[in-house]
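Listed here are the chains, written in short residue letters.
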2 protein chains.
Amino acid sequence: MSATHQELTRNQTLVLDTLAKADGPLSAYTILDRLRADGFRAPLQVYRALEKLLGFGLVHRLESLNAFVACAHPHCHAHGLIAFAICEDCGQVDEFSDEVVRERLGAWSSQNGFKAEKTTVEIRGHCASCLAA
Amino acid sequence: MSATHQELTRNQTLVLDTLAKADGPLSAYTILDRLRADGFRAPLQVYRALEKLLGFGLVHRLESLNAFVACAHPHCHAHGLIAFAICEDCGQVDEFSDEVVRERLGAWSSQNGFKAEKTTVEIRGHCASCLAA
DNA sequence: CTGCGCAATGTAATATCATTACATCCGTTT
DNA sequence: AAACGGATGTAATGATATTACATTGCGCAG
Ligand SMILES: [Zn+2]
Ligand SMILES: [Zn+2]
Ligand SMILES: [Zn+2]
Ligand SMILES: [Zn+2]
C-alpha cells in the first residue's frame, strides 16, 4: 500500500494521458468519449482506471465538479493536503499546498478526536486571466 | 440580494425541517422520499427549495457527498468560510469555522489574482465516538 | 505442460444525482 | 378584469456512478 506505483496498465495509461493532455478537468464520461477510438466502451473502464490512478496520486478528483485532473506535481509523492482553485469561466485549475492550512485543520482534528482520512479544499471563482478579459 | 430572508414558503419549510430533524446529511432524493406524505412528487420540488435555502444560508451542500445539511449555526449569518468534518462511519457532520484557514486561502487568492466566490473545505474521516467503539 | 489463483478487463444493466421544458396556480399591481 | 411575477406541479431527460457477472491473460505450484 505504498505511494509508489509500478507499471501502469494500458487502460490506466490511456486515462492518465487523456487527463494530462486536457486543458482542464474532465468528467469520467468525457474521458470515455475521448477513448472510444482506443476501444473504450463502458464507464467502468474509466472508473476502474481512475480508482487506481487516484490511489497512486497521479490523478485528483474535484468534488465540487465531479471531475478529474492529472496531478500537477506528480513527482512530489505524498503531498499532504492539496487545495484547488477552479476558474468557473475558463475551467483552469490551479493546484497548490498550504502548510498552515494543513496544520490548522490537523489541529482542529486533534482537538476534536477526529481522524482525518481525506481532506478536500476547493476554491471556486475567477482566475486572473478571465478577470482581465 | 441580502443574506436576510423573508418568510419561507411551504416547500422550503418542509425541506428545511426535514434536514433539521435528520441526524446527518440527506440526499435530495432522500428528502423527496421523506416528504411524499406531504405531497412531494418530483425531485425539482426539493431542488428548488434547496436552492433558496442555500441562498439564505440555512442549508449547506456537502460536495464530497452530494448531500445537504441544515446549517448548525443558522443565526450567525454570513459566516465567511465554513469547514465540515464528516464521519464516514456514523455520518455525523461537524460544522466549524477557522479564521486562519480563511485568511490563508484569501492570501493565496490575492497573490494569484484569483477572485474566490465559494470555498469548500471538507474533512472525511472518523469521529471520536466511532473511534472509541 | 497443465491447472490454479489472481488481477485486469469486457459488457450489460441498474442505481443515483440533477436539470430542462412546459403548464398551472396565486397574490399583487395597474 | 388584465397583466405580471414568483412559486409550484409534472414529465422527460441528462449526467454521474455502481453492481453483477463473464472473460482474458499471466505467474506459478504441482
Ligand atoms: Zn497533485
Ligand atoms: Zn479563468
Ligand atoms: Zn452554517
Ligand atoms: Zn462517527
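Residues numbered from 1 in each chain as written. Chains lettered and ligands numbered in written order. Predicted model: local features only at pLDDT ≥ 70, side-chain atom pairs only at ≥ 80, totals over all residues. Heavy atoms only, no water.

Colleague: Explain the domain arrangement of chain A here, please?
Modeller: Interface size is commonly expressed as the accessible area that is lost once the parts come together. Residues and elements named next belong to chain A. You can read the domains of chain A as domain 1 (5–70) and domain 2 (83–132). Taking the mean C-alpha position of each, domain 1 and domain 2 sit 22 Å from one another. In this complex, domain 1 contributes eleven residues to the contact, which on the side of domain 2 involves nine residues. A combined buried area of about 760 Å² lies between domain 1 and domain 2, and 53% of that area is made up of carbon and sulfur atoms. Our enumeration of links across domain 1 and domain 2 arrives at zero salt bridges. Counting across the interface, domain 1 meets domain 2 through five residue pairs in polar contact (both at pLDDT 80 or more). A total of three residues in the side of domain 1 that touches domain 2 trace back to one element, the largest contributor, which is strand β1 (residues 59–62). Grouping the constituent residues of the side of domain 1 that touches domain 2 by class yields five nonpolar, three polar and three charged. (Domains from an automatic or database assignment. Contact = heavy atoms within 4.5 Å. Buried area = accessible area lost by both parts, 1.4 Å probe. Salt bridge = Lys/Arg side-chain N within 4 Å of Asp/Glu carboxyl O. Polar contact = N/O pair within 3.5 Å; in protein donor to acceptor, adjacent residues only side chain to side chain. Helix = DSSP H or I, 4+ residues; strand = E, 2+ residues; numbered from the N terminus. Nonpolar A, V, L, I, M, F, W, Y, C, P; charged D, E, K, R; others polar.)

Colleague: I would appreciate a short explanation of the environment of Val69(B) in the present structure.
Modeller: Residue and element names in this part refer to chain B. Relative to the helices and strands, Val69 resides in strand β2 (residues 67–70). Exposure remark for Val69: the relative accessible area of 9% places this residue in the buried category. Apart from the residues lying within four places of it in its own chain, the contact partners of Val69 are Leu19, Gly24, Pro25, Leu58, Val59, His60, Leu62, Phe84 and Val93. (Buried < 20%, exposed > 50% of the residue type's maximum accessible area, 1.4 Å probe, protein only.)

Colleague: How should the coordination of the zinc ion (ligand 1) be read in this particular structure?
Modeller: For a metal with four tetrahedral donors the ideal donor-metal-donor angle is 109.5 degrees, while six octahedral donors give ideal angles of 90 or 180 degrees. Residues and elements named next belong to chain A. Distances from the zinc ion (ligand 1) to its protein donors, His60 (NE2), Cys71 (SG) and Glu95 (OE), fall within 1.9 to 2.1 Å. Counting gaps between the donor residues of the zinc ion (ligand 1) yields the pattern H-x10-C-x23-E. Within this pair, whereas His60 is found in strand β1, its partner Glu95 is found in strand β4 (residues 93–96), the two being separated by 35 residues in sequence. Take Glu95: its relative accessible area is 9%, and that puts it in the buried class. (Donors = N, O, S within 2.8 Å, 3.2 Å for Na, K, Ca; no water.)

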